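Chain residues, written in single-letter form:
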Amino acid sequence: MRFPPRALLLLTLAFIGLNLRPFLTGIGPLVASIAADTGLGYRGLAWLTILPTLLMGAGAFLGPWIQRELGGRRIVLGALTMLGLGSALRIAVPGGSALIGTAALCGMGVAAIQAVAPSLIKEHFPRGVAPITGVYSAALMGGGAAGAQLTPVLADIVGSWRGALAWLAAPAGAALVLGWWVLPRTERASAGHTAVAVLLRRPRTWLLMSCFGLVNAGYSSLVTWLPAYYLTRGWSETHSGGLVALLAVAQAAAALSLPALAARHHDRRPWLWLTLFAQATSFAGLAFWPDASPRLWAALGGAGLGGCFALSLVVALDHLREPEQAGALGALMQGGGFLIAANGPWLMAVLRERSGSFATGWLAHLACVLIVIYLVTRLAPDGYGAAMNGTQASSRPGTA
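Residues numbered from 1 in each chain as written. Predicted model: local features only at pLDDT ≥ 70, side-chain atom pairs only at ≥ 80, totals over all residues. Heavy atoms only, no water.

(A) Summary view of the overall build of the chain. Check the secondary structure of the chain and you find 18 helices and 0 strands. Scaling as 2.2 N^0.38, a compact globule of 400 residues should have a C-alpha radius of gyration of about 21 Å, and the chain matches this with 20 Å. Its C-alpha atoms put the chain at 55 × 45 × 40 Å along the principal axes. Here the chain holds 400 residues, and 60% of them are scored as buried. Across the chain, the fraction of contacts at a sequence separation of at least 24, relative to all contacts at a separation of at least 6, is 85%. Surface accessibility of the chain: about 14,800 Å² in total, with carbon and sulfur atoms responsible for 66%. On the chain, the mean spot of the 26 positive side-chain charges and the mean spot of the 13 negative ones are 5 Å from each other. (Helix = DSSP H or I, 4+ residues; strand = E, 2+ residues; numbered from the N terminus. Rg over C-alpha atoms; globule rule 2.2 N^0.38 Å. Buried < 20%, exposed > 50% of the residue type's maximum accessible area, 1.4 Å probe, protein only. Contact = heavy atoms within 4.5 Å. Areas by Shrake-Rupley, 256 points an atom, 1.4 Å probe, with all protein chains shown as cover. Lys, Arg positive; Asp, Glu negative; His and termini not counted. Charge placed at Lys NZ, Arg CZ, Asp CG, Glu CD.)

(B) View of the layout of surface pockets. Approximately 230 Å³ is the volume found for the largest pocket. As for the largest pocket, its lining consists of 16 residues, and the residues nearest its centre are Asn-19, Pro-22, Ala-146, Leu-168 and Pro-171. Counting residues per element, the ones that place at least two in the lining of the largest pocket are helix 1 (5-18), helix 2 (22-25), helix 5 (72-88), helix 7 (129-158) and helix 9 (169-182). The biggest single contributor to the lining of the largest pocket is helix 7, with 5 residues. A class-by-class count of the residues in the lining of the largest pocket yields 12 nonpolar, 4 polar and no charged. (1 Å grid on protein atoms, 1.4 Å probe; cavity = no way out; pocket = protein on both sides within 12 Å on 5 of 7 lines; lining within 4 Å. Points joined across faces, edges and corners; volume = space filled by probe spheres on them. Nonpolar A, V, L, I, M, F, W, Y, C, P; charged D, E, K, R; others polar.)

(C) How the structure looks around empty space enclosed by the protein. Under the defined criterion, the tally for this structure stands at 4 cavities of 30 Å³ or more. In this model, the largest cavity occupies a volume close to 100 Å³. Put simply, the parts of the chain that give the lining of the largest cavity at least two residues each are helix 4 (42-70), helix 11 (203-231) and helix 14 (294-318). Along the lines of polarity and charge, the residues of the lining of the largest cavity split into 7 nonpolar, 5 polar and 1 charged. By volume, the second largest cavity is sized at about 90 Å³. Put simply, the parts of the chain that give the lining of the second largest cavity at least two residues each are helix 11, helix 13 (269-288) and helix 14. The leading source of residues in the lining of the second largest cavity is helix 11, at 4 residues. The residue inventory of the lining of the second largest cavity, partitioned by class, reads 12 nonpolar, 1 polar and no charged.

Here you go:
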């Protein structure tokens, strides 16, 4: 059976997306073994998430300019090479500092891919931005689920957490081969540098960054500390890793379904509020009733985070007609957002050390979600044109 070129491109983007989270989510279930072997404390372990997230943020700011110079194809192929190399090197890391270095290499690769993915979607699927963004986001979250569930199993099989994390280089290598074969070799010229300069002067860009960052700070903290939280409550590595896998599966399901459901609606805000209320319930449950229904809290948190991630990308792309400008806005939202999100695990580590409990950190994230619930009121679609004054605003979401 021969796939149409667009279908093959979508499958390729989805498979690439599967590789963008396992190197992060695979750490949590193995945190006790890593700490015992490397001597890293809570703050040191937090850097395994903080540093890649910071790099995702910085890379997103540079993404439109790099895409103009190199093109999306070269960026994605080079980034997959870095991601695979960063994972493979974990087989031989001698200690905590080297492990953090591999996290940085993986983070740079993911940063580059995430920076160019929105413009690729807008350019090649202009009439289906919402559902295609949902497929890409769902793949990204699904990869996170696989990483959380498989790394403790692999660690048992190979007898080493280093070997388990190094195995993640294999799917990255497969994605590299597929991307080399499928990704378009000809691309339209990009005006990314100009778009970035203009967009950074728009208050709406900073509003989108803030919303994205405050929400994804919760994601960073959950994948870093949710397994550790339940390890302290007597759970095993495999079962605590299962919570992160459940969280990621719920993320993938919501990231796939909610943009498709919202595609026919001019105003995406009710769907965003739905995801935010799910997150609020999750953080409240983790803080006040952690043993009442851990799997429910994980599933609600995952669904809220996954749906919000995908819908946030959709809203950013809705604002502008031109793929280069819309992609630049999506990249900037992720860039500033990930710089904010990187503080989540560090905040949790500090609060955990000072209070002796993770509950204080979950309450801090609950407060962040409540702030975003208010900020989303300002994302009325009829105001896109005024918010993007001086740029080619989209007259209707999801259209080219």
